Amino acid sequence: MSLDIPALQASHPAALEFLARGDHPMLLGDQWVAALSGEWMETLNPATGTVLGRFPSGAAADVDRAVQAARSAFESGPWSCMTPAERGKILWRVGDLIEQHIDELSELETLDQGKPIWVGRYAEIPGAAGQFHYFAGQAPRIEGQTISTSINYQPAGKQVFAYTLKQPVGVVAAIVPWNSPLVLTAMKLAPALAAGCCVVLKPAEDTSLTALRLGELLLEAGLPPGVVNIVTGRGDVVGAALAAHPGVDKVSFTGSTQVGRAVLAAASGNLKKVTLELGGKSPVIVMPDADMELAIPGAASAIFFNSGQVCVAGSRLYIHRSVFDQVVKGIADIARGMKLGHGLDPSTQIGPVVSRKQADRINGYVQEALAAGAEAMVGGRQLGPHGTFIEPTLLVNVSPDMACVREEIFGPVVVATPVDSLEEALALANDSIYGLAASIWTRDLSTAHRAAALLKSGTVWINCHLMFDASLPIGGVKQSGWGRESGQAAVDNFLEVKTVCAVI
Ligand code: NAD
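An account of the accompanying structure is given in this report. Worth saying up front: this structure is predicted, and the values here are computed from it rather than measured.

## Focus on the site of the ligand
No. 1: Around the ligand sit 27 residues in total, of which Val176, Glu205, Ser256, Leu278 and Glu408 are the nearest.
No. 2: Between the ligand and the protein, one listed contact pairs an oxygen atom with a backbone N or O atom of Gly235 at 3.4 Å.
No. 3: Within the side chain of Ser256, a nitrogen or oxygen atom sits 2.6 Å from an oxygen atom of the ligand.
No. 4: In the complex, the protein chains occlude 89% of the 840 Å² of accessible area that the ligand would expose alone.
No. 5: Among the secondary structure elements, those contributing two or more residues to the shell around the ligand are helix H8 (235-244), strand S10 (250-254) and helix H9 (257-267).

Below you can see the structure in the form of structure tokens.
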């Protein structure tokens, strides 16, 4: 467990000011409130184990209040009646404010989640701003259709005129995980708000800080009170109450497949609309003709970025046997050279994972695999003063039935298997309950595009991995989820189609 972690502090004045408050109430309407029970939860810095602050431990009664606030804003408030262009302007301002606060938000995210500062500063926080900017532009593009019908029983001399309206679904519960808190929150809020919905947001209990800071920025941008409400607390309390609440019209959930199932069951009471962005076990296929200068660092970053806590992390490598040794050695060399450390140290490449509980879970998978005969080409240890660091780990000698190959580990652990053909690689890649993303590395155009068609996943990357943009739909097939976020169609997740049929 020996790994010295200095007690680095935030340096941005606004981050310091936010942290100095200690207690961070939740948002109901335009009021910052404690839970009705008066109970609070602590949030820890996973690198050092120090307490960063407290947030309310909400319960079902707090969820009731938040749903009421959202409902009354939706039914009577200005948001759903505002012109789409006005909504778009406010969303654009939110994007601008996130950009203006990028250093502060990156520091808060690193302290709360553990991620290296550059992950937030250059990828996730700009990604969150990008979501608001993109969906600001989508708000005025919501369009129904006029429809030519074949109805032939209208009165003589009359005509049928039919069209569709797209209207906001109503009150949305947005439930978010802890791996990339702000950008995943933005991926829900921006399209929901563009559609004219009102939201109750439930951030993950390990990482609620940036969601609460975002709440302040939303109000500063001019979002009317009640349009976004934030209830913090435990998932099996606040999340479960939201998923079951009869006043919620739609649940937009991102998290594990296991909890996704529970959300779906709870949502069935009033048959809420549900979208689910769930787990993954994404394959990375390396063909012998790949450009190895791209493929080897690309495959390494596909799994080690954000300590592997990425739903689309490339966690299963299928490498053509003729280049297997070269590729695994290359990835192992990169892993060996990676610097583990406090996320606020700009030279850190691998931060802690989000919590000791999560680190123990990841380590459990690694030790089980080693005991079953897998070999660690590199890594394999849990480190740090609080046991929250996991060495970047590459396992070989694995078989398709091992848990480390089949289950989502959600840490910096990749398994590598040699294959003799593209067909074998595709069959193994598709042999999973998950289908979130995949990548193929080859210089051959037909290999690349044939694989893109045959891989059973929501996204296929060719000669790249982890390429995200607000314009690119993301989501899964099989047990990786229902629906897509990002991209033009994401607004439709929050719209109902109404048919209007008139005899004129
Ligand atoms: P999780 O499922 O444990 O929790 C996700 C959220 O659900 C949290 O806010 C949690 O508090 C809440 N929750 C917990 N129990 C609940 C319940 N019974 N009812 C309602 N809500 C409940 O997931 P996690 O561990 O926070 O995040 C990691 C998982 O998220 C991984 O499986 C990862 O693949 C997935 N993920 C998916 C995507 C995607 O786009 N597909 C993106 C990021 C993360």
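More follows now that the structure is in view.
## A short note on the sheet that holds strand S6 (residues 160-168)
Paired through backbone hydrogen bonds, the strands of a sheet run either parallel or antiparallel to each other.
No. 1: Here three strands make up an open sheet; going across it, the order is S5-S6-S22 and the pairing antiparallel. At either margin of the open sheet sits one strand with a lone partner, and together these are strand S5 (146-147) and strand S22 (495-503).

## Considerations on the layout of surface pockets
No. 1: Considering only enclosed or pocket space, the second largest pocket measures out at about 730 Å³ in volume.
No. 2: Forming the walls of the second largest pocket are 37 residues, and the residues nearest its centre are Leu466, Met467, Phe468, Asp469 and Ile474.
No. 3: In terms of residues, the lining of the second largest pocket owes the most to one element, helix H5 (residues 117-138), which gives six residues.
No. 4: Taken together, the residues of the lining of the second largest pocket sort by class into 22 nonpolar, 11 polar and four charged.

## Here's the deal with the pairing of S10
The two faces of a sheet get side chains in turn, since along a regular strand they alternate between them.
No. 1: Here S10 lies mainly inside the structure; five of its five residues are buried.
No. 2: Because side chains alternate across S10, one face comprises the buried residues Lys250, Ser252 and Thr254, and the other comprises Val251 and Phe253, equally buried.
No. 3: When strand S7 (residues 171-175) meets S10, the two strands line up parallel, connected through four bridges. Directly across from Ala173, in S10, lies its bridge partner Val251.
No. 4: Pairing of S10 with strand S11 (residues 273-277) involves five bridges; the strand directions are parallel. Following the sheet pairing, Ser252 is matched in S11 by Thr275.
No. 5: Read from S10 through H9 to S11, the crossover connection turns out right-handed.

## A word on the sheet that holds strand S12 (residues 282-286)
No. 1: Strand order in this open sheet of seven strands is S14-S17-S18-S13-S12-S19-S20, and the pairing throughout is mixed. Either end of the sheet is taken by a strand with one partner, and the two such strands are strand S14 (375-378) and strand S20 (459-462). Taking the axes of each pair of neighbouring strands and ignoring which way they run, one obtains an average angle of 25 degrees across the sheet.
No. 2: In this fold helix H11 (residues 324-336) packs onto S12, strand S13 (314-320), S14, strand S17 (393-396) and strand S18 (413-419), with an angle of close to 65 degrees to the strand it touches most, S14.

## Examining unusual backbone geometry
No. 1: With a phi angle near 55 degrees, Asn306 is a residue other than glycine that sits in the positive phi range.
No. 2: Of note, Ser486 is a non-glycine position whose phi angle comes to about 60 degrees, a positive value.
No. 3: Take Ser486: it is sitting in the loop between strand S21 (481-482) and S22.

## Side note on the side chain of His465
No. 1: As for its placement among the helices and strands, His465 is situated in the loop between S20 and S21.
No. 2: Engagement of the side chain of His465 in a polar contact is seen with the backbone nitrogen of Gly314, the distance being 3.5 Å.
No. 3: Aside from chain neighbours lying at most four places away, what touches His465 is Pro283, Val284, Ala302, Val312, Ala313, Gly314, Ala438, Ser439 and Trp441.

## Focus on the environment of Leu317
No. 1: Within the fold, Leu317 resides in strand S13.
No. 2: With relative accessibility at 2%, the residue Leu317 sits in the buried group.
No. 3: On a C-alpha basis, the gap between Leu317 and Pro168 in space is 42 Å, while along the polypeptide they are 149 residues apart.
No. 4: When sequence neighbours within four positions are dropped, the list of residues in contact with Leu317 reads Val284, Ala299, Ile331, Val414, Val415, Ala416 and Thr417.

## Comments concerning the pairing of S13
No. 1: Within S13, seven of the seven residues are buried, which leaves it mostly tucked inside the rest of the structure.
No. 2: Pairing of S12 with S13 involves five bridges; the strand directions are parallel. Bridging across to S13, Pro283 finds its partner in Arg316.
No. 3: With helix H10 (residues 292-304) bridging S12 and its parallel neighbour S13, the resulting β-α-β unit is right-handed.

Thresholds applied
- Residues numbered from 1 in each chain as written.
- Predicted model: local features only at pLDDT ≥ 70, side-chain atom pairs only at ≥ 80, totals over all residues.
- Heavy atoms only, no water.
- Near = heavy atom within 4 Å.
- Polar contact = N/O pair within 3.5 Å; in protein donor to acceptor, adjacent residues only side chain to side chain.
- Areas by Shrake-Rupley, 256 points an atom, 1.4 Å probe, with all protein chains shown as cover.
- Helix = DSSP H or I, 4+ residues; strand = E, 2+ residues; numbered from the N terminus.
- Pairing = 2+ DSSP bridges.
- 1 Å grid on protein atoms, 1.4 Å probe; cavity = no way out; pocket = protein on both sides within 12 Å on 5 of 7 lines; lining within 4 Å.
- Points joined across faces, edges and corners; volume = space filled by probe spheres on them.
- Nonpolar A, V, L, I, M, F, W, Y, C, P; charged D, E, K, R; others polar.
- Buried < 20%, exposed > 50% of the residue type's maximum accessible area, 1.4 Å probe, protein only.
- Right-handed = clockwise from strand over helix to strand, strands pointing away.
- Axes fitted to C-alpha atoms, helices over the stretch in contact; angles between N-to-C directions.
- Contact = heavy atoms within 4.5 Å.

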